[in-house]
Amino acid sequence: MAFYIALSGWNSSYVPLLDNNNRWIAVACLAGAVFVLLVAERHLSAVSKEASPEAGSIAPLLRLVMAVQLLSLPGLVWPQLNSSLAINLPAVLVLLVAAEFMLRGLFSLFAPPGDGTTEPGLIPKSQLAAQLTWPPRPLGFLQQELHQRFGIDLRQVWAFTVLKRAFIPMVTLMLICGWLLTGLQQISATERGVYERFGRSVAVLEPGLHLGLPWPFGRVQLTENGQVHELAAGEDPANQPPVLRVNAEGPAPASADRLWDATHNFDKAQIIASQSGDQQSLQIVNSDVRFMWRIGLSDKAALAATYRAVNLPELVRSTANQVLVHQFSSLTLDDVLSERRDDLAGQINQAVQQQLDSLHSGVEILSTVVEAIHPPAGAADAFHGVQAAQIAAQSLILREQGSAAEKAALAATNAAVRENAAQINATEALSEAQATATRFAAQKNAYQQAGQVFIDELWFKQLQQALSGRPLLVIDQRIGAGSPPTLDLRDFPTSTDAARRDAPAKPAQELSR
């Protein structure tokens, strides 16, 4: 029964009583009970064994009860004392005495029976409870038991005498050395330490071994050293289901379902503005926004995270939820579902960081990711239809805009081609006119200088160009008197061919130009 009661009340923390009259009434009742037990214990200790044989066995148990009550008083007087050792030390005493009684009962089964002359004891004796005397004499108790049961007198042993004399100094020296070693602090690679000297923070210690003042003059408050945490704004730590491991080759877990028609634990409902024609209304969407955060790497951030906040994850979550409500209330459905989502994540990240900096929390927001924004699961089908209609309308608009842009581009191309052709023709005509004018001026100047000679030369040049490529036969005007010059445009064989064919019949003719 004692084991069950002690173990059921064993805990690492407890809920202190409120600072009101009930707490002090409990303290007064406990102190009164200690006083009554003290009077009873003193009375039983003074009673002789002949008058009451059980008095010597009851007195140690009363001292045990008083010790348990006295050790329970500090937790009631000082509620802020939430040490596991201070809370569970009374239970430790009860467990030790209960274990002693259990062992005594077990060993009594193997003890030889008595001779029948002594009366059996009604109350068992507790050797551990008997040690609750002042001054404590554990070695004297051991010496007495050995002398009575085995006839060994340790007072005659020199080593025991030396040990008895050096016991208290050695224990005192060990306690002092142990107390001095409390000033030696080891900080792991994943932590940093804020060193407090006489209750005041004086430095931020890096990972490693550090030496300072012993407790309680010097203490080290440990904090994180750059660990990155992920926090979802819609997660509730109290209602989170346990994480189950799944087979990589098996079906996907339920947490991997990101469809709109399913309800997710990490989604958070947000109210946004909506407009239909000339009417304004509100709509509800579910959002999954995740934050990557850590305690800043600077000494200032470590001090702020240690002293300015009690629960950093809860502080980041509440701050993020406040910022999300403010951000989503100023947006419409088209804004949160369009390409502005990336800009929204940046704005949320900046706003949350500014809010945490104003609280001097020492938290650094590394990134903000908008995983999903979708309507509630009940309205997913209706919203699918709305989105499909919007997509179809937008596709038609974009198609017509593309056709109009294509026609406009083709018209602009044709206009540019015609304009360039007109400019080219005009440039060519102008160039030809300028060349003709230049040539006419040059010919006029040459006529003025050479007279009829230039006209004849020009006439012969034009004639040469006109008759170029044709075989010509020029007949000298002196052959026939009184006949003008004749140009024969008929095709005649060359003089070589004619001489070769008609050599005996016709004389050779001289080709003249």
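Definitions and limits used
All chains use their own residue numbering, which begins from 1 and follows the written sequence. Under the rules for a predicted model, residues below a pLDDT of 70 receive no local features and side-chain atom pairs below 80 are neither given nor counted, while totals for whole chains, interfaces and linings still include all residues. Only hydrogens and water are set aside when side-chain values are computed; all heavy atoms of the structure are taken into account. Put simply, DSSP marks the helices as runs of H or I at least four residues long and the strands as runs of E at least two long, and each gets a number from the N terminus on. Buried means the residue's accessible area, taken with a 1.4 Å probe over protein chains only, is under 20% of the maximum for its type, while exposed means over 50%, and partly exposed covers the values in between. When checking whether two residues touch, look at their non-hydrogen atoms; a contact exists if any pair is within 4.5 Å. Each accessible area is a Shrake-Rupley result for a 1.4 Å probe, and residues are judged covered by the shown protein chains and nothing else. Strands pair, by our definition, only if DSSP identifies at least two bridges between them. Only C-alpha atoms enter the line fits that serve as axes; for helices the fit covers just the stretch in contact. Angles between N-to-C directions range over 0 to 180 degrees. Nonpolar cores were defined as sets of buried Ala, Val, Leu, Ile, Met, Phe, Trp, Tyr and Cys residues, with membership established by side-chain atoms within 4.5 Å. Each aromatic pair joins two rings of Phe, Tyr and Trp (for Trp, the six-membered one) with centres within 6.5 Å, and gets the label stacked for planes under 30 degrees apart, edge-to-face for over 60, and tilted for any other angle. Every case where a carboxyl oxygen of Asp or Glu lies within 4 Å of a side-chain nitrogen of Lys or Arg is listed as a salt bridge. For this analysis, a polar contact is any N or O atom pair within 3.5 Å, provided that within protein one partner can donate a hydrogen and the other can accept it, and provided that sequence-adjacent residues contribute only side-chain to side-chain pairs. The span you would expect from a helix comes to 1.5 Å times its residue count less one. For patch detection, residues must exceed 30% relative accessible area and be free of salt bridges, and they are connected within 9 Å for like charges or within 5 Å for nonpolar side chains (Val, Leu, Ile, Met, Phe, Trp, Tyr). Each residue carries a pLDDT score, the predictor's confidence in it, ranging from 0 to 100.

Novice: So what exactly am I meant to see when it comes to the overall build of the chain here?
Specialist: Across its full length, the chain holds 14 helices and eleven strands. The buried share among the 513 residues of the chain stands at 22%. Contacts spanning at least 24 positions in sequence make up 67% of the contacts within the chain whose residues lie at least 6 apart. Accessible surface for the chain amounts to roughly 36,700 Å². Of this, 61% is attributable to carbon and sulfur atoms.

Novice: What's the story with the sheet that holds strand 3 (residues 200–205) in this structure? I'm lost.
Specialist: For sheets, the rule is that strands pair by backbone hydrogen bonds, running either parallel or antiparallel. Strand order across the open sheet formed by three strands is 3-2-5, with antiparallel pairing between neighbours. With one partner strand each, in any of the chains shown, strand 3 and strand 5 (218–224) form the two edges of the open sheet. Along the sheet, successive strands turn relative to each other by an average axial angle of 30°, direction set aside. With seven bridges connecting them, strand 2 (residues 191–197) and strand 5 associate as antiparallel partners. Along strand 5, the bridge assignment pairs V194 with Q221. Where helix 8 (residues 299–307) meets the sheet, it contacts strand 2, strand 3 and strand 5, and its direction lies at approximately 75° from that of strand 2.

Novice: So what exactly am I meant to see when it comes to the nonpolar core here?
Specialist: A general tendency of soluble globular proteins is for nonpolar side chains to be buried together. Judged by nonpolar contacts, the single largest core of 28 residues is most densely connected at F291, L312 and I365. In terms of residue count, the dominant contributor to this core is helix 9 (residues 312–329) (seven residues). With near-sequence residues (within four places) excluded, I365 lies in contact with F291, M292, W293, V316, N349, V352, Q353 and L356. Formed by six residues, the second largest nonpolar core is a distinct cluster that contains L37, A55, A59 and M66.

Novice: Would you mind going over the packing of aromatic side chains with me for this structure?
Specialist: For the structure shown, the criterion picks out two aromatic pairs. Between W179 and F217, the aromatic rings sit 6.2 Å apart at their centres with planes inclined by 80°, giving edge-to-face as the arrangement. Here W179 is found in helix 7 (residues 158–181), whereas its partner F217 is found in the loop between strand 4 (208–211) and strand 5, with 38 residues between them in sequence. Residue W179 is classed as partly exposed on the basis of its relative accessible area of 36%. Given a relative accessible area of 37%, F217 falls into the partly exposed group. Among the aromatic residues, those joined into a ring-pair cluster are W179, F198 and F217.

Novice: Hey, could you run me through the environment of E191 in this one?
Specialist: Structurally, E191 can be placed in strand 2. The spatial distance from the C-alpha of E191 to the C-alpha of T223 is 5.6 Å, given a sequence separation of 32 residues.

Novice: Explain the pattern of salt bridges to me, please; I cannot follow it from the model alone.
Specialist: Once their charged atoms are close, side chains differing in charge can pair, the charge on each being opposite to the other. Enumeration according to the criterion identifies seven salt bridges in this entry. Here E230 makes a salt bridge to R290, at a shortest N to O gap of 3.6 Å. With E230 in strand 6 (residues 229–232) and R290 in strand 8 (residues 279–295), the pair connects residues that are 60 residues apart, well separated along the chain. Take R290: its relative accessible area is 11%, and that puts it in the buried class. For D288, the salt bridge goes to R290, with nearest N and O atoms at 3.5 Å.

Novice: Which parts of the structure should I look at to understand the pairing of strand 2?
Specialist: Looking down a regular strand, the side chains alternate between one sheet face and the other. Of all seven residues in strand 2, five are buried; the element is thus mostly enclosed. In terms of strand pairing, strand 2 meets strand 3 through five bridges, oriented antiparallel. Counterpart to Y195 in the pairing with strand 3 is A203. What sits between strand 2 and strand 3 in their antiparallel hairpin is a turn of two residues, with F198 showing a positive phi close to 55°.

Novice: When you look at the side chain of S361 in this model, what are you seeing that I'm missing?
Specialist: As for its position among the elements, S361 is in the loop between helix 11 (341–358) and strand 9 (363–374). By relative accessible area, S361 is classed as buried at 1%. Within the structure, S361 has its side chain in polar contact with the backbone oxygen of L356 (distance 3.2 Å).

Novice: Help me out: how do you make sense of helix 9 in this one?
Specialist: Think of an α-helix as 3.6 residues a turn; residues three or four steps apart then line up on the same face. Here helix 9 spans 26 Å end to end across 18 residues, near enough to the 26 Å set by a 1.5 Å rise per residue. Residues of helix 9 that are buried include every one of L312, L315, V316, R317, T319, A320, N321, V323, L324, Q327 and F328, and no others.

Novice: Could you clarify how one ought to interpret a nonpolar patch on the surface in this entry?
Specialist: Among the surface-exposed residues, I176, W179, L180, F198, L213, W215 and F217 lie close enough to one another that they form a single nonpolar patch of about 720 Å² accessible area. With respect to the secondary-structure elements, W215 resides in the loop between strand 4 and strand 5.

Novice: Sorry, what's going on with unusual backbone geometry here?
Specialist: Of note, the amide linkage connecting W215 to P216 takes the cis form, showing an omega dihedral of 5°. Note that P216 resides in the loop between strand 4 and strand 5. Residue F198 is not a glycine yet carries a positive backbone phi of 55°. Following the sequence through the fold, F198 ends up in the loop between strand 2 and strand 3.

Novice: What's the story with the side chain of E100 in this structure? I'm lost.
Specialist: Residue placement: E100 occurs in helix 4 (residues 84–107). Beyond its immediate chain neighbours, meaning those up to four positions away, E100 contacts K125, S126, Q127 and L128.

Novice: I would appreciate a short explanation of the environment of L44 in the present structure.
Specialist: Tracing the sequence through the fold places L44 in helix 2 (residues 21–46). Look at L44 and you get buried, because its relative accessible area is 19%. With 18 residues separating them in the primary sequence, L44 and L62 have C-alpha atoms 9.6 Å apart.

Novice: For this particular structure, what's the right way to read the confidence of the model for the chain?
Specialist: Parts of the prediction with low pLDDT should not have their coordinates interpreted in detail. Per-residue pLDDT for the chain has a mean of 77; in total, 69% of the residues score no lower than 70. Per-element mean pLDDT across the chain ranges from 58 in strand 11 (residues 486–488) up to 91 in strand 2. Below a pLDDT of 50 lies the segment residues 506–513, which in the model reaches four contacts outside its immediate sequence neighbourhood of four places, other chains included.

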